[in-house]
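# Working through the structure, step by step
Residues per chain are reported as follows:
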Amino acid sequence: MTILTLGVSYLLPHAACAGVDNIVAQIKNFHSYIKRGNYINVEIIYSLQSDSFDTYIDVRSKILAYASNIPVSLYYAGTQGVAISRNTVITSSEGDYRWFLDIDCRLAESIDSFLDYISFYREPLLYLSTVNIIRANISKVLGDMPPTIYRVSIYSLPDILRIVANAATYNIVTSSKFLADNPYLRFDPKLGLGTYYHQSDEALFLIYFFKAMLKARVASFHSYSLASLVAESKSHLASGRALIASLESKGYVLAKSHSSFFITLPFLPFLSILFAFKFRKILGLTLSIKSVVKGYFVGASSL
């Protein structure tokens, strides 16, 4: 019985050897922190994107040869961005829970206790805390962890703003059953690496997930505060055109967070000013505000 799927979304570099090296390094890390006896409970899926299908085939053959004794599967997810890769993980995996990861994520300790945890708590959603090796801090989503229980009933639009504004890496572990019961719960293909916006796909997915839990009358969910994952966030390195697109993604997520234009619009000035001050030294106040506002109206127009 597969309890947990480690689903990695990865845009392959043009050089197949570089892609192989990155995947092998991650598999070695996973191998170090998963007891051999737990392989029956864990599957590793790589959902790969590449402009060249031949590159994917080359990488796949080399990885399967290397990981012949480790349960690893690889899928081709086209060329349209990691959001589609994450959706491929949702539809292709067999685990009771799906843990969405990036290629730069590394386990920092055994996940055996976490496997026991999710076997006991059959809930729709779990957060994991993260050590970010660039910023050397613990990521936060809806406040500090612990507490170990979040009350879904307190969900409100201000919480949406906290999700949108939070720049840390999200680590989302979701119940396969809840995803199956809510087939519209997918990552927005307009967001994430490989798209124009290249960020915020996890933030909008979280918002959709919260709304689905509210609809299903889920009263609470747990966080798991073990700092078991190291991630190298590069979002702070964005500049110029990439940073503008990143800011536009924040406005886009705000607009898509609720179907009512009149509910989200009052929060636009706050969000715009927040990011304008954060990036004023790089882009200036005016351009930062314009970027968030532009993304918002692009998102609102698509509702």
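Criteria and thresholds
Residues numbered from 1 in each chain as written. Predicted model: local features only at pLDDT ≥ 70, side-chain atom pairs only at ≥ 80, totals over all residues. Heavy atoms only, no water. Core = buried A, V, L, I, M, F, W, Y, C linked by side-chain atoms within 4.5 Å. Buried < 20%, exposed > 50% of the residue type's maximum accessible area, 1.4 Å probe, protein only. Helix = DSSP H or I, 4+ residues; strand = E, 2+ residues; numbered from the N terminus. Salt bridge = Lys/Arg side-chain N within 4 Å of Asp/Glu carboxyl O. Axes fitted to C-alpha atoms, helices over the stretch in contact; angles between N-to-C directions. Parallel < 35°, antiparallel > 145°, perpendicular 65-115°, else oblique. Left-handed = near helix turned anticlockwise from the far one by under 90°. Contact = heavy atoms within 4.5 Å. Nonpolar A, V, L, I, M, F, W, Y, C, P; charged D, E, K, R; others polar.

### Let's talk about the nonpolar core
In globular proteins that are soluble, nonpolar side chains generally tend to be buried together. Among the nonpolar cores identified, the biggest contains 41 residues, and Phe100, Leu125, Phe178, Phe205, Phe209, Met213 and Leu271 are the most heavily contacted of them. At the level of secondary structure, the elements contributing two or more residues to this core comprise α3 (82–92), α5 (157–165), α6 (176–181), α7 (201–215), α8 (240–256), α10 (268–278) and α11 (285–301). Considering each element in turn, this core owes the most residues, 9 residues, to α7. Ranked by size, the runner-up nonpolar core spans 36 residues in total, among them Val8, Phe30, Val59 and Ile118.

### A look at the pattern of salt bridges
Under the defined criterion, the tally for this structure stands at 6 salt bridges. Where Asp201 meets Arg86, a salt bridge forms, and the shortest distance between an N and an O atom there is 2.9 Å. Taken as a pair, Asp201 in helix α7 and Arg86 in helix α3 lie far apart in primary sequence, 115 residues in all. The exposure classification of Asp201 matches that of Arg86, with both residues buried. The salt bridge partner of Lys294 is Glu248, with a shortest N-O separation of 3.7 Å. In this pair, Lys294 is assigned in helix α11 and Glu248 in helix α8, connecting sequence segments 46 residues apart. Accessibility expressed as a relative area gives 45% for Lys294, which makes it partly exposed. Through salt bridges with shared partners, a single ionic network connects Arg86, Asp102 and Asp201.

### A short note on the packing of α10 against α11
Packing of α10 against α11 leaves a shortest axis separation of 8 Å and a crossing angle of 140 degrees. By the angle between their directions, the pair α10 and α11 is classed as oblique. You can see that α10 and α11 cross each other, and the crossing is right-handed. Contacts between α10 and α11 involve Leu268, Leu271, Ser272, Phe275, Ala276 and Phe277 from the first element and Leu285, Ser288, Ile289, Val292, Val293, Tyr296 and Phe297 from the second. Here the residues of the contact of α10 with α11 sort into 11 nonpolar, 2 polar and no charged.

### A closer look at unusual backbone geometry
The residue His198 is not glycine, and still its phi comes out positive at about 55 degrees. Structurally, the position occupied by His198 is in the loop between α6 and α7. Classification of His198 by relative accessible area gives buried; the value is 17%. A positive phi is found at Ser200, a non-glycine position, where the angle reads about 75 degrees. Within the element layout of this structure, Ser200 appears in the loop between α6 and α7. On the basis of relative accessible area, Ser200 is assigned to the buried category, the value being 11%.

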